[in-house]
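Structural overview
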There are 2 protein chains.
Amino acid sequence: MSGENCLAGLRILDLSQFEAGPSCTEALAWMGADVVKIENPKVGDPGRTAGRTDANDALYFLQYNANKRSLAVNLKNPRGLELVKALAATADVMIENFAPGAIERLGLGYEVIRAINPAIIYCQVKGFGAGSPYENNLAFDMIAQACGGLMSITGEEDGPPCKPGATIGDTGTGMLMAISILGAYVRRLRTGQGEHLQVAMQDAILHYIRNAFAYMDRTDGKAAPRAGSRTVGGGNPPIGVYPCKGGGPNDYVYIYTSAANPEHWNRLLKVMGREDLIDDPRYATPVARTEHRAEVDRIVSEWTIRHDKHTAMHLVGSATIPAGAVLDTREIAEDPTFRQRGIRQTMKHPAVGDYVMSGWPVRFSGQAPAITAAPLLGEHGEQVLSEWLSYDAARISELKGNGVVG
Amino acid sequence: MSGENCLAGLRILDLSQFEAGPSCTEALAWMGADVVKIENPKVGDPGRTAGRTDANDALYFLQYNANKRSLAVNLKNPRGLELVKALAATADVMIENFAPGAIERLGLGYEVIRAINPAIIYCQVKGFGAGSPYENNLAFDMIAQACGGLMSITGEEDGPPCKPGATIGDTGTGMLMAISILGAYVRRLRTGQGEHLQVAMQDAILHYIRNAFAYMDRTDGKAAPRAGSRTVGGGNPPIGVYPCKGGGPNDYVYIYTSAANPEHWNRLLKVMGREDLIDDPRYATPVARTEHRAEVDRIVSEWTIRHDKHTAMHLVGSATIPAGAVLDTREIAEDPTFRQRGIRQTMKHPAVGDYVMSGWPVRFSGQAPAITAAPLLGEHGEQVLSEWLSYDAARISELKGNGVVG
């Protein structure tokens, strides 16, 4: 047991789809919350088909729905809606991330649910916030990254805006909602008080780029620029990726010499066998090195290109200078220590088979929470209706027969 | 009151510095936890001086330390160490993110603290996990981004790896720890059980790039590549940033036509006045458009370049196609709706003055938690020693006089 029992007894009624909502509820499921996905009986969460290459649930879906249960309910049937309300009456948390206005049109908006269950923690994830000029716009991860300022500070200095490979608009937002849900839940345990939580993906992006705002504020107030592989504002050289032996797209090592630690540069000169440059006034201070950035980068590159990235990381890192090889997804997947440490685990899935994926990376008493399979569509209908609503077999059978549940 | 009382009574002894730890405890402080920073009496958290241009605390520091208190303690003095242990005995949570091995060398490792307070939730953030080949290496945000796979999937297709402008290695890690702390705290409220939580920044990065692993797994098993402004795997065109009128570095609009919604393309053709291309077999399906990517991008760019990015976003977005202007930090700072909605608020700081910054973006009953000032170094010494340890004025005065506290 390594964290999987933390949230035992916490019932989450999960109407969310794709990633921003599901990443949030999955984090809570890994810590033991009972997360019940309410899905359309025909196709389920549209994430089940995203990027799919065969008839199974998409690998995309598996990433964000581990450790949950699924109940397929037809929300176009009035009895289906009543069923969801009955579940909401017994849930601690309800969450949705439909397009703006959709949940209210379904008749499951906050005011309706609060009237049924005043203590519920009702959660909404949208692209833009209520009061934003774009509050009715559709959004996906990349739209939030564009409108939240993140793309403006990602990419080469003289190139177009790039989208970070991480889904900060989706999973980044989901994590902020998960923290807020647990905060509200702690209060509820104390006071019985419910809560209405709302987050916009655009707003969530701002949380992750606060250094760029600080940089803007402390310089000339102009927008923070892009800086390639360097930090916002550029930092002081050496900083960034330097090319290594091999010449592949990721044969680079990141080297960072901190302005706060002047010894980093001298140590690096020793590693590179360039003791001749110690105390050279062109490079002796962060300011001097910034003035001679191109030369400094050339000196470092001349050394890094003679080593593969792992060796370069080892040699520089061992000298107590921050350094990191640019690892790609394949190299990470092939590093056995991620599996040994439980950071990547095997999901045993009844249709997909054994699938190795990343789980919750925080370890509880040395162990990451165990991954269990993402649910098949409607897999847990009987279980959930029996456990949450005490329905008997006859009643469940009737609901199935009449197409209320899948 | 809008969330600020959620965690009332939760005591966090915070020995963390820079960003990964402080971003975590700040999230909890915004929801009402009593976060006490333990700082070196001479210089405090090194984040106080990061990028600083005057004698005040750095704007960097303000971002990550709102709503906290500060107690300056000399940890090189044995009485200072004893004081921290006394505080740990009454704390619910203790957190640190020093270099590997440092907290244990200080004599404040997990085993020591657990012996004093078995119910404590003891939290450690490191660059690399125990058991990783790099477990003794130093790491900062950018090293984690390099070694966690994120830089390998960020940047232009034919360019070098880029660093996303967001600090996923730092704040991204901090958010995962915050969720885990609250999970463990919920269990502790129920059972009294303490916990030892550990997270590595490299491992945390994997959590945010799961789509890249899914893409790798469902294609040929080769590493996920970089894709410029497009999604991992490239998506189907139109997708990505398209140039707009103005020609500035961020005069682009993001347009996304989902493979899951074939109507997006037809709607876009109508917006662009290119109804002549509806049903053109070269562009009629996602597969066809992928084969003619360059032509599709040219057709879209010819239209976008005639509009400023806001107009383009409005016209495309209003047609129910996901679209977003690439906004820079200045444009966001100047949009009054962020302040109206409480996403950006004024921190009233005794030394810096009024400073507008981003706060917690999740709204509780329509309101974001209120920002209060980041603490001056040692500002709350008397308060904390009195409230947490019931020390009287004479005792506090003696500790100050003897240099145990600052």
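In the annotation of an unreviewed UniProt entry, chain A is listed under the name Formyl-CoA transferase and assigned to Rhodopila globiformis.

At the junction of the two partners, chain B supplies 129 residues and chain A supplies 129 residues. Both faces combined, the contact of chain B with chain A buries some 11,100 Å², and carbon together with sulfur accounts for 64% of it. Contact with chain A buries surface across chain B, with I179(B), R210(B) and T329(B) losing the most and accounting together for 7% of the total. Summed over the shared surface of chain B and chain A, the result is four salt bridges.

Tallying each qualifying case throughout the model produces zero disulfides over all chains. C123(A) provides the cysteine sulfur closest to C24(A), a residue in no disulfide bond, and the two sulfurs are 6.7 Å apart. With no disulfide partner, C244(B) has as its closest neighbouring cysteine sulfur the one in C147(A), 12 Å distant. For C244(B), a relative accessible area of 2% gives the class buried.

This part takes up the packing of aromatic side chains. All names here are of chain A. Taken as a whole and judged by the stated rule, the model has 14 aromatic pairs over all chains. Seen from their ring centres, F18 and F140 are 6.1 Å apart, and the 75° between their planes marks the pair as edge-to-face. In this pair, F18 is assigned in the loop between β1 (11–14) and α1 (20–30) and F140 in the loop between β5 (121–126) and α6 (141–147), connecting sequence segments 122 residues apart. Classification of F18 by relative accessible area gives partly exposed; the value is 25%. Relative accessible area serves as the criterion here: at 23%, F140 is assigned to the partly exposed category. Between the aromatic rings of W265 and Y283, the centroid separation amounts to 6.4 Å while the plane-to-plane angle is 65°, which identifies the pairing as edge-to-face. Within this pair, whereas W265 is found in helix α10 (residues 263–271), its partner Y283 is found in the loop between α10 and α11 (286–291), the two being separated by 18 residues in sequence. For W265, a relative accessible area of 2% gives the class buried.

All names here are of chain A. The full count for this structure, using the stated rule, is 50 salt bridges over all chains. Across the pair D14 and K68 runs a salt bridge whose closest N-O atoms are separated by 3.8 Å. On the criterion of sequence distance, the pair formed by D14 in strand β1 and K68 in the loop between α2 (59–64) and β3 (69–72) is long-range, its members being 54 residues apart. Like D14, the residue K68 is buried in the burial classification. Between R187 and E195 there is a salt bridge, with its nearest N and O atoms 2.5 Å apart. For the pair R187 and E195, a shared accessibility class is recorded, and that class is buried. Ionic contacts of the salt-bridge type, sharing partners, join the residues D34, R69 and E387 into one network.

Rotating chain B by 180° and translating it 0.0 Å along the rotation axis places it on chain A, where the RMSD comes to 0.0 Å. The superposition of one copy onto the other is thereby described by a two-fold rotation axis. Comparing contact sets, 100% of the residues at the interface of chain B also lie at the interface in chain A, consistent with an isologous, same-surface contact.

For the rest of this paragraph, the subject is the nonpolar core. By size, the foremost hydrophobic cluster in this structure holds 194 residues, and its most contacted members are M177(A) and M177(B). Among all residues touching M177(B), those that are not within four sequence positions of it are V362(A), C24(B), I95(B), C123(B), Q124(B), V125(B), L197(B), Q198(B) and V199(B).

For the rest of this paragraph, the subject is the sheet that holds strand β9 (residues 323–325) of chain B. All names here are of chain B. Strand order in this open sheet of three strands is β7-β8-β9, and the pairing throughout is antiparallel. Looking at the sheet topology across the chains shown, the edges are occupied by β7 (239–243) and β9. Averaged over all pairs of adjacent strands, the angle between their axes in this sheet comes to 20°, without regard to strand direction. In terms of strand pairing, strand β8 (residues 252–256) meets β9 through three bridges, oriented antiparallel. Directly across from Y254, in β9, lies its bridge partner G324. Contacting β7 and β8, helix α12 (residues 293–304) runs over the sheet at an angle of about 45° to β7.

Moving on: unusual backbone geometry. Residues and elements named next belong to chain A. The omega torsion across P237 and P238 is -5°, close enough to zero to call that bond cis. Tracing the backbone shows P238 in the loop between α9 (210–218) and β7 (239–243). For S365, which is not glycine, the phi dihedral falls at a positive 50°. With respect to the helices and strands, the residue S365 is situated in the loop between β12 (363–364) and α16 (381–389). Backbone geometry at S390 places phi at a positive 55°, although glycine is not the residue there. Here S390 shows up in the loop between α16 and α17 (393–401).

Rules of the game
Residues numbered from 1 in each chain as written. Chains lettered and ligands numbered in written order. Predicted model: local features only at pLDDT ≥ 70, side-chain atom pairs only at ≥ 80, totals over all residues. Heavy atoms only, no water. Contact = heavy atoms within 4.5 Å. Buried area = accessible area lost by both parts, 1.4 Å probe. Salt bridge = Lys/Arg side-chain N within 4 Å of Asp/Glu carboxyl O. Disulfide = S-S within 2.5 Å. Buried < 20%, exposed > 50% of the residue type's maximum accessible area, 1.4 Å probe, protein only. Phe/Tyr/Trp six-rings, centres within 6.5 Å; stacked < 30°, edge-to-face > 60°. Helix = DSSP H or I, 4+ residues; strand = E, 2+ residues; numbered from the N terminus. Least-squares fit on C-alpha atoms with pLDDT ≥ 70 in both. Core = buried A, V, L, I, M, F, W, Y, C linked by side-chain atoms within 4.5 Å. Pairing = 2+ DSSP bridges. Axes fitted to C-alpha atoms, helices over the stretch in contact; angles between N-to-C directions.

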